[in-house]
Amino acid sequence: MPTLTVNIVTPDGPVYDGQVDMVIAKTVTGEVGILPGHIPMVAPLEIGAVKLKRDGKVEYVAISGGFVEVRPQQVSVLTPSAELAESIDAARAKEALRRAEERVQSKQDNVDFKRAELALQRAMNRINVKEGNM
């Protein structure tokens, strides 16, 4: 069966590089499933999980937005940050969630609400990916 080469890259370097049967990612216009031979495309990504399917198993990578570039036999994900599910520190993610919730709920003038809301989404995404709640 044909496979896709997948690269997930952050400014700090590569996070994932391997062969998969299918990639599922959440773009700003909806979820997209990518199989070998997919038409070329580029799409902006939302904060979410990239699902990598190989031999009946699924791996999850938490990403914080970015772009996906699809070519017939290769998928590249360029993202500000990415973590494999097994690399996520659950305690640290829960602490980040608590801090983000406090910032969102505070009505202080010095809190940038949009940044706080994005931090909340990223923290919830990391927890969901770690716990397998996709």
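Refer to the structure above for everything that follows.
To start, this report covers the structure provided alongside it. Given the structure is predicted, the values throughout are model-derived calculations rather than measurements. (Residues numbered from 1 in each chain as written. Predicted model: local features only at pLDDT ≥ 70, side-chain atom pairs only at ≥ 80, totals over all residues. Heavy atoms only, no water.)

A few points about helix α1 (residues 90–105)
In this model α1 runs 22 Å from its N-terminal to its C-terminal C-alpha over 16 residues, within 8% of the 22 Å that 1.5 Å per residue would give. Taken residue by residue, α1 has A93, A96, L97, A100 and V104 as its buried positions. Seen end-on, α1 carries its buried residues on one side only, within an arc spanning 105°. Pointing more than 90 degrees away from the buried face of α1 are the exposed residues A91, R92 and Q105. Regarding α1, its N-cap is D89, as a side-chain oxygen of that residue lies 3.1 Å from the backbone nitrogen of A91 further along. (Helix = DSSP H or I, 4+ residues; strand = E, 2+ residues; numbered from the N terminus. Expected span 1.5 Å × (residues − 1). Buried < 20%, exposed > 50% of the residue type's maximum accessible area, 1.4 Å probe, protein only. Arc of directions from axis to C-beta. Polar contact = N/O pair within 3.5 Å; in protein donor to acceptor, adjacent residues only side chain to side chain.)

Considering the side chain of D21
Along the chain, D21 falls in the loop between β2 (13–20) and β3 (22–27). Only 2.8 Å separates the side chain of D21 from the backbone nitrogen of D55, close enough to count as a polar contact. Those residues in contact with D21 that sit more than four places away from it in its chain are M1, P2, T3, L4, I34, L35, P36, K53, R54 and D55. (Contact = heavy atoms within 4.5 Å.)

Overview of the environment of E46
Relative to the helices and strands, E46 is located in strand β5 (residues 41–54). Overall, E46 belongs to the partly exposed group, its relative accessible area being 30%. Apart from the residues lying within four places of it in its own chain, the contact partners of E46 are K26, T27, V28, I63 and G65.

As for the layout of surface pockets
Taken as a whole, the largest pocket holds about 250 Å³ of empty space. What lines the largest pocket is a set of 15 residues, among which S81, E83, R122, A123 and R126 lie closest to the centre. Where the lining of the largest pocket is concerned, the elements lending two or more residues are β6 (57–71), β8 (82–84), α1 and α2 (113–131). No other element matches α2, which puts 5 residues into the lining of the largest pocket. Split into classes, the residues belonging to the lining of the largest pocket amount to 7 nonpolar, 3 polar and 5 charged. Its boundaries defined by the atoms lining it, the second largest pocket holds a volume of some 210 Å³. Along the walls of the second largest pocket sit 12 residues, with K26, I47, G48, A49 and N125 positioned nearest its centre. Taken together, the elements giving at least two residues each to the lining of the second largest pocket come down to β5 and α2. A per-class count over the lining of the second largest pocket returns 4 nonpolar, 5 polar and 3 charged. (1 Å grid on protein atoms, 1.4 Å probe; cavity = no way out; pocket = protein on both sides within 12 Å on 5 of 7 lines; lining within 4 Å. Points joined across faces, edges and corners; volume = space filled by probe spheres on them. Nonpolar A, V, L, I, M, F, W, Y, C, P; charged D, E, K, R; others polar.)

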